[in-house]
Amino acid sequence: MADQKSDDSLYPIAVLIDELKNEDIQLRLNSIKKLSTIALALGEERTRTELVPFLTETIYDEDEVLLALAEQLGTFTHLVGGPDYAMYLIPPLESLATVEETVVRDKAVESLRNVAAQHSAHDLEVHVIPTLQRLVSGEWFTSRTSACGLFSVCYPRVPASVKAELRNLFRQLCQDETPMVRRAAAGKLGEFAKVVEVEFLKSDLIPMFVQLAQDDQDSVRLLAVEACVSIAQLLQQEDVETLVMPTLRQCASDSSWRVRYVVAEKFVDLQKAVGPEITKTDLVPAFQYLLKDTEAEVRASAATKVKDFCANLDPTNREQIIMTSILPYIKELVSDANQHVKSALASVIMGLSPIFGRNNTIEHLLPLFLTQLTDEWPEVRLNIISTLDCINDVIGIQQLSQSLLPAIVELAEDSKWRVRLAIIEYMPLLAGQLGQDYFNQKLRDLCFNWLNDHVYAIREAATLNMKKIVQTFGTQWAETNIIPQILVMCKNNNYLHRMTCLFCINALADVVGADVIKRLFLPTIKTLSTDPVANVRFNVAKTLSKISAFLDTATTEAEVKPILEQLNTDADVDVKYFASEAISTIAASA
């Protein structure tokens, strides 16, 4: 009887193991994803002695299955008996780390790192280090590239003699004849540098860094630039100057635009790593070089770093450096021939205002903002508009309205709807700062034009815009200045405008109060309840459902329900549905 129970408990495991051998890839994949279930059922010892060897033998499968297996094994330590038995997971993961498909190898290395970290120092030396040595001396480049990811996990926990060997093995990979291996080594050099003692960083790793930064493959050189940030953070200022800067200067003027692009991408990180003095003497000229690079991609990347680079300059001489060394290059970029460069600059240039201060912003930056606000490319205009609030805090609304408002008003009718949308989203802030009188004179008509826009997204944003402006100026102002014009739309021949009237009522109901709803909105809604277009009528039902929450019971009974009951007998099925829904909502909240 006991034997039968044992057989019964192992039956599903037999099925799952059969699935691992099945021809159907989906069945194999599902089985791999259930590996933890199999392991739990088998128990720790059988998992170590039967399941793991079985998996090691079957590592010849579709990449998708191998990827799932590599991921599962990384979380398997507790299923084989905990850290004391983690070494049982090394063989299958070592095999997976040598396969051809990159994503499988990367996942296997990630799992190997997890498993290696759970080994005791002794087990690490006995089981993981030999694995690393085998991967480094592997015949195929795949194993050697995988080896690069294991150094930083092993190095801190091994004796000095083994550390010396690991540094030599890493040097071997940096000098490998295969570019893919050198690329992997360059990619992991930064994280390895963080765990190596400073004396060996200077004597062993920096020569490797210099060598990789001069590699004949640009894909290797650009990864060396990324390592440069990590290395510079670990060294004293004088060591950075002598050991790192010569190579960095060389990378900033590299013959490959890809390398210069990575330098531009990492520039602010490099600036923070090297400190203010080296920034002033070395990085400012390098930044100028990148801002006028021959390749648009490099100029665009450098342009996005302008604000952060200026913000991180030493405050004692920041203004002088910006005015003499950076501003002339920014002025050139504003009229760059490439739209992506101008767009990149437009996304950050407004952020320079707080750094420049009020006077310098008015004198130097405002003309550039105006140029970009009227640029031929919509993305440039859009990026400038989206960051207008940065400048407002610096120069004040009076100066803003005099200098930029005419251009903003012009953009409110821009041919590109996304530009119009950005202006709408900025309008409530502008209205609040300009005040009622200025808004009534210059901006109110624009807001009404948006309500009649041919793009739905603009009409929708315009109704929300009206709500925010009413919140700013109050109900009394709204009653005089905007509600009459909104209600007039219910008589428009175009049904879309009549719908917009309802959308506005919906939005404004939240902010105007019960009196305005009852006195001004309800008569208009009643008129629209007999509209010839079904879309308008069912939106009447939806609007009544919303506004009933703001009305007293007597008004709801006397004025709202009769309209809904009439709509509930409508010939159109959608109108009847929404009327019925509204009646149910009102009844539920009564």
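The name given to the protein chain in an unreviewed UniProt entry is Protein phosphatase PP2A regulatory subunit A, and the organism recorded there is Polypedilum vanderplanki.

A. Here's a closer look at the overall build of the protein chain. Counting secondary structure elements, the protein chain contains 37 helices and zero strands. Relative to the globule expectation of 25 Å for 590 residues, the C-alpha radius of gyration of the protein chain, 34 Å, shows a markedly less compact shape. Along the longest, intermediate and shortest principal axes, the C-alpha atoms of the protein chain span 90 × 85 × 35 Å. Counting all 590 residues of the protein chain, 52% fall into the buried class. Within the protein chain, contacts between residues at least 6 apart in sequence are counted, and of these 68% link residues at least 24 apart. Roughly 26,500 Å² of accessible area belongs to the protein chain as shown, and the carbon and sulfur atoms make up 49% of that amount. Here the protein chain contributes 55 positively and 78 negatively charged side chains, and the mean placements of these two sets differ by 5 Å.

B. Broad picture of the nonpolar core. Formed by 201 residues in total, the largest nonpolar core has its most connected members in Leu166 and Phe521. Every residue in contact with Phe521, bar those within four places of it in the chain, is listed here: Ile483, Leu487, Ile505, Leu508, Ala509, Val512 and Val516.

C. Focus on the packing of aromatic side chains. Scanning all chains against the criterion turns up 14 aromatic pairs. A ring pair is formed by Phe439 and Phe473, whose centres lie 5.6 Å apart and whose planes are at 65 degrees; its orientation type is edge-to-face. In this pair, Phe439 sits in helix H29 (residues 436-451) while Phe473 sits in helix H30 (residues 456-473), placing the two residues 34 residues apart along the sequence. Here Phe439 matches Phe473 in class, with each residue buried. Where Tyr456 meets Phe503, the ring centres are 6.5 Å apart and the plane angle is 80 degrees; that geometry is what we call edge-to-face. Separated by 47 residues along the polypeptide, Tyr456 in helix H30 and Phe503 in helix H33 (residues 495-512) bring together distant segments of the chain. Overall, Tyr456 belongs to the partly exposed group, its relative accessible area being 43%. Classification of Phe503 as partly exposed rests on a relative accessible area of 23%. Three or more aromatic residues joined by ring pairs form one cluster here, namely Phe151, Tyr155, Phe170 and Phe192.

D. Fine view of empty space enclosed by the protein. A full pass over the atoms with the stated rule returns one cavity of 30 Å³ or more. Within this model, the largest cavity holds a volume of roughly 30 Å³. What lines the largest cavity is Glu319, Ile322, Met323, Ile355, Phe356 and Asn360. Those elements that provide at least two residues to the lining of the largest cavity are helix H21 (318-334) and helix H23 (353-356).

E. A look at the layout of surface pockets. Space inside the largest pocket adds up to approximately 330 Å³. Lining the largest pocket are 16 residues, and of these Thr102, Asp106, Thr145, Ala184 and Lys188 lie nearest its centre. Counting residues per element, the ones that place at least two in the lining of the largest pocket are helix H7 (102-117), helix H9 (141-147) and helix H12 (179-193). When residues in the lining of the largest pocket are grouped by element, the largest group, six residues, is from H7. Residue classes in the lining of the largest pocket are distributed as five nonpolar, five polar and six charged.

F. Quick look at H29. When the terminal C-alpha atoms of H29 are compared, their 20 Å separation across 16 residues is substantially less than the 22 Å that a helix rising 1.5 Å per residue should span. Along its length, H29 shows its largest kink, about 55 degrees, at Leu443. Where H29 is concerned, the buried positions are Phe439, Asn440, Leu443, Arg444, Leu446, Cys447, Phe448, Trp450 and Leu451.

G. Broad picture of the packing of helix H2 (residues 25-33) against helix H5 (residues 63-73). Two numbers describe how H2 lies on H5: the axes approach to 9 Å, and their chain directions differ by 5 degrees. Viewed along their axes, H2 and H5 adopt a mutual orientation that is roughly parallel. Side by side, H2 and H5 meet where Ile25, Arg28, Leu29, Ile32 and Lys33 of the first sit next to Glu64, Val65, Ala68, Leu69 and Gln72 of the second. For the contact of H2 with H5, the class distribution of residues is six nonpolar, one polar and three charged.

H. Representation of the confidence of the model for the protein chain within the structure. Looking at the protein chain as a whole, the pLDDT averages 82, with 93% of positions reaching at least 70. Contacts of residues 1-8 to residues separated by more than four positions or lying in other chains number zero contacts, the stretch itself having pLDDT below 50.

I. Main features of the side chain of Asn506. Take Asn506: it is sitting in helix H33. Setting aside chain neighbours within four positions, we find Asn506 in contact with Thr543 and Lys546.

J. Summary view of the pattern of salt bridges. Inspection of every chain in the model, using the stated rule, returns 23 salt bridges. Of the charged contacts in the structure, one is a salt bridge between Asp204 and Arg171, with a shortest N-O distance of 3.8 Å. Of this pair, Asp204 sits in helix H13 (residues 198-213) while Arg171 sits in helix H11 (residues 160-174), and the two are 33 residues apart along the sequence. By relative accessible area, Asp204 is classed as buried at 13%. For Arg182, the salt bridge is made with Asp216, and the minimal N-O distance between the two is 3.4 Å. Placement of the pair is Arg182 in helix H12 and Asp216 in the loop between H13 and helix H14 (218-234), with a sequence separation of 34 residues. A relative accessible area of 10% means that Arg182 is categorised as buried.

K. Region of interest: the environment of Leu67. Turning to its location among the elements, Leu67 is positioned in helix H5. Judged by its relative accessible area of 29%, Leu67 falls in the partly exposed class. Measuring from C-alpha to C-alpha, the distance between Leu67 and Ala108 comes to 7.8 Å, with 41 residues separating the pair along the chain.

L. Representation of the side chain of Ser146 within the structure. Structurally, the position occupied by Ser146 is in helix H9. By relative accessible area, which is 3% here, Ser146 ends up buried. A polar contact is formed between the side chain of Ser146 and the backbone oxygen of Ala97, at a distance of 2.5 Å. The residues touching Ser146, leaving out its near neighbours within four places in the chain, are Ala97, Arg105 and Val109.

Rules used throughout
Residues numbered from 1 in each chain as written. Predicted model: local features only at pLDDT ≥ 70, side-chain atom pairs only at ≥ 80, totals over all residues. Heavy atoms only, no water. Helix = DSSP H or I, 4+ residues; strand = E, 2+ residues; numbered from the N terminus. Rg over C-alpha atoms; globule rule 2.2 N^0.38 Å. Buried < 20%, exposed > 50% of the residue type's maximum accessible area, 1.4 Å probe, protein only. Contact = heavy atoms within 4.5 Å. Areas by Shrake-Rupley, 256 points an atom, 1.4 Å probe, with all protein chains shown as cover. Lys, Arg positive; Asp, Glu negative; His and termini not counted. Charge placed at Lys NZ, Arg CZ, Asp CG, Glu CD. Core = buried A, V, L, I, M, F, W, Y, C linked by side-chain atoms within 4.5 Å. Phe/Tyr/Trp six-rings, centres within 6.5 Å; stacked < 30°, edge-to-face > 60°. 1 Å grid on protein atoms, 1.4 Å probe; cavity = no way out; pocket = protein on both sides within 12 Å on 5 of 7 lines; lining within 4 Å. Points joined across faces, edges and corners; volume = space filled by probe spheres on them. Nonpolar A, V, L, I, M, F, W, Y, C, P; charged D, E, K, R; others polar. Expected span 1.5 Å × (residues − 1). Bend = angle between axes of the 7 residues up to and from the residue. Axes fitted to C-alpha atoms, helices over the stretch in contact; angles between N-to-C directions. Parallel < 35°, antiparallel > 145°, perpendicular 65-115°, else oblique. pLDDT = per-residue confidence, 0-100. Salt bridge = Lys/Arg side-chain N within 4 Å of Asp/Glu carboxyl O. Polar contact = N/O pair within 3.5 Å; in protein donor to acceptor, adjacent residues only side chain to side chain.

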